[in-house]
Amino acid sequence: MNTSSSAQTLILALFAGATLSSSSCAQPKGGPGMPAEAREQIHALFDAHDKINRDLKLTAEGYTALTESDDPKVAAALKKHVKQMQARLGEGLSVRRWDPAFAEYCDHYAEMDHQFTPTDKGVRMTVKGRTANAVKIAQNHAKVVSAFAAHGWSEHDKKHDTVTR
Ligand code: HEM
């Protein structure tokens, strides 16, 4: 191998390493976009945000949140949404990659334990971070969900700050 081809090999190796390590998600760019079915629930939740009650409690290890609605359709949308998002993130796919807080959440998702319990009127989520950063990131995400529930569509296009970078 001459000098220039070994230099090329080195550059290619560095590039491949940088691409793979840019995210803990299986797909560096976040994979395929949100399927229509998942988008539908998200839009239904934004539309109905004023029918949603959310009680968020931060804990030393993360948070607990109870999010409910007296409207059975909204309660069903909440349950479906959380299942869809858990499946998507569990597969290493990302969501809202353009929003720094979500990109950071996706990158650290595997460092959190999520305990999801459906309730009669919605969902209860308890999240524990296994690292100090994961605790802060989980709490930050929970606050963004609270802002979605409080403000609806006006919050949708906003970027949210990260907590570790
Ligand atoms: C673009 C919009 C949205 C995206 C991309 C999104 C994404 C996510 C993600 C990634 C999770 C984490 C799933 C997991 O914990 O495994 C989640 C959880 C959750 N989302 Fe959404 N979401 C959006 C909008 C909303 C809206 C509008 C509401 C309600 C008004 C909502 C309510 C919830 C609730 C209650 C949880 C469970 C976690 C918790 O209670 O803190 N989301 N969402």
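Residues numbered from 1 in each chain as written. Predicted model: local features only at pLDDT ≥ 70, side-chain atom pairs only at ≥ 80, totals over all residues. Heavy atoms only, no water.

Colleague: Even after reading the chapter, I still don't get the layout of surface pockets, so can you show me in this structure?
Modeller: It is a probe the size of a water molecule, rolled over the atoms, that shows where empty space is left. The computed volume of the largest pocket comes to approximately 790 Å³. In this structure, the largest pocket is lined by 32 residues; those nearest its centre are His 81, Met 85, His 141, Val 145 and Phe 148. Secondary structure elements with two or more residues in the lining of the largest pocket: helix 2 (36-47), strand 2 (62-68), helix 3 (72-90), helix 4 (100-108), strand 4 (122-129) and helix 5 (132-151). With 6 residues, helix 3 is the largest single contributor of residues to the lining of the largest pocket. The residue makeup of the lining of the largest pocket, split by class, is 21 nonpolar, 8 polar and 3 charged. (1 Å grid on protein atoms, 1.4 Å probe; cavity = no way out; pocket = protein on both sides within 12 Å on 5 of 7 lines; lining within 4 Å. Points joined across faces, edges and corners; volume = space filled by probe spheres on them. Helix = DSSP H or I, 4+ residues; strand = E, 2+ residues; numbered from the N terminus. Nonpolar A, V, L, I, M, F, W, Y, C, P; charged D, E, K, R; others polar.)

Colleague: Please clarify how the site of the ligand should be interpreted in this entry.
Modeller: Around the ligand sit 25 residues in total, of which Arg 54, Tyr 63, His 81, Gln 86 and Tyr 109 are the nearest. A distance of 2.7 Å is found between an oxygen atom of the ligand and a side-chain nitrogen or oxygen belonging to Tyr 63. One nitrogen or oxygen atom from the side chain of His 81 is found 2.9 Å from a nitrogen atom belonging to the ligand. Mapped by element, the contributors of at least two residues to the shell around the ligand are helix 2, strand 2, helix 3, helix 4, strand 4 and helix 5. With 5 residues, the top contributor of residues to the shell around the ligand is helix 3. (Near = heavy atom within 4 Å. Polar contact = N/O pair within 3.5 Å; in protein donor to acceptor, adjacent residues only side chain to side chain.)

Colleague: Help me understand helix 3, please; the structure alone is not making it clear to me.
Modeller: Count 3.6 residues to each turn of an α-helix, and residues three or four apart come out pointing the same way. Over its 19 residues, helix 3 extends 27 Å from the first C-alpha to the last, a length consistent with the 27 Å expected when each residue adds 1.5 Å. Taken together, the buried positions of helix 3 are occupied by Val 74, Ala 75, Ala 77, Leu 78, His 81, Val 82, Gln 84, Met 85, Arg 88 and Leu 89. In this structure, the buried residues of helix 3 make contact with helix 2, strand 2, helix 4, strand 3 (112-119) and strand 4. At the N-terminal boundary of helix 3, the capping side chain belongs to Asp 71, with an oxygen 2.9 Å from the backbone nitrogen of Lys 73. Just downstream of helix 3 lies Gly 92, where phi reads positive at about 85°. (Expected span 1.5 Å × (residues − 1). Buried < 20%, exposed > 50% of the residue type's maximum accessible area, 1.4 Å probe, protein only. Contact = heavy atoms within 4.5 Å.)

Colleague: Help me understand the packing of helix 2 against helix 3 in this model?
Modeller: Packed helix pairs are characterised by how far apart their axes lie and by the angle those axes make with each other. It is at 9 Å that the axes of helix 2 and helix 3 come closest, and there the two elements cross at 135°. With respect to each other, helix 2 and helix 3 are oriented oblique. Crossing hand, helix 2 versus helix 3: left-handed. In this structure, helix 2 uses Glu 37, Ala 38, Gln 41, Ile 42 and Leu 45 to contact helix 3, whose residues at the interface are Val 74, Ala 77, Leu 78, Lys 80, His 81, Gln 84 and Met 85. (Axes fitted to C-alpha atoms, helices over the stretch in contact; angles between N-to-C directions. Parallel < 35°, antiparallel > 145°, perpendicular 65-115°, else oblique. Left-handed = near helix turned anticlockwise from the far one by under 90°.)

Colleague: Help me understand the coordination of the iron atom of the ligand in this model?
Modeller: Geometry sets the ideal angles at a metal, namely 109.5 degrees for four tetrahedral donors and 90 or 180 degrees for six octahedral donors. You will see that the iron atom of the ligand has only one donor from the protein, His 81 (NE2), lying 2.1 Å away. In this fold, His 81 is placed in helix 3. (Donors = N, O, S within 2.8 Å, 3.2 Å for Na, K, Ca; no water.)

These values are about where atoms sit, not about what they do.
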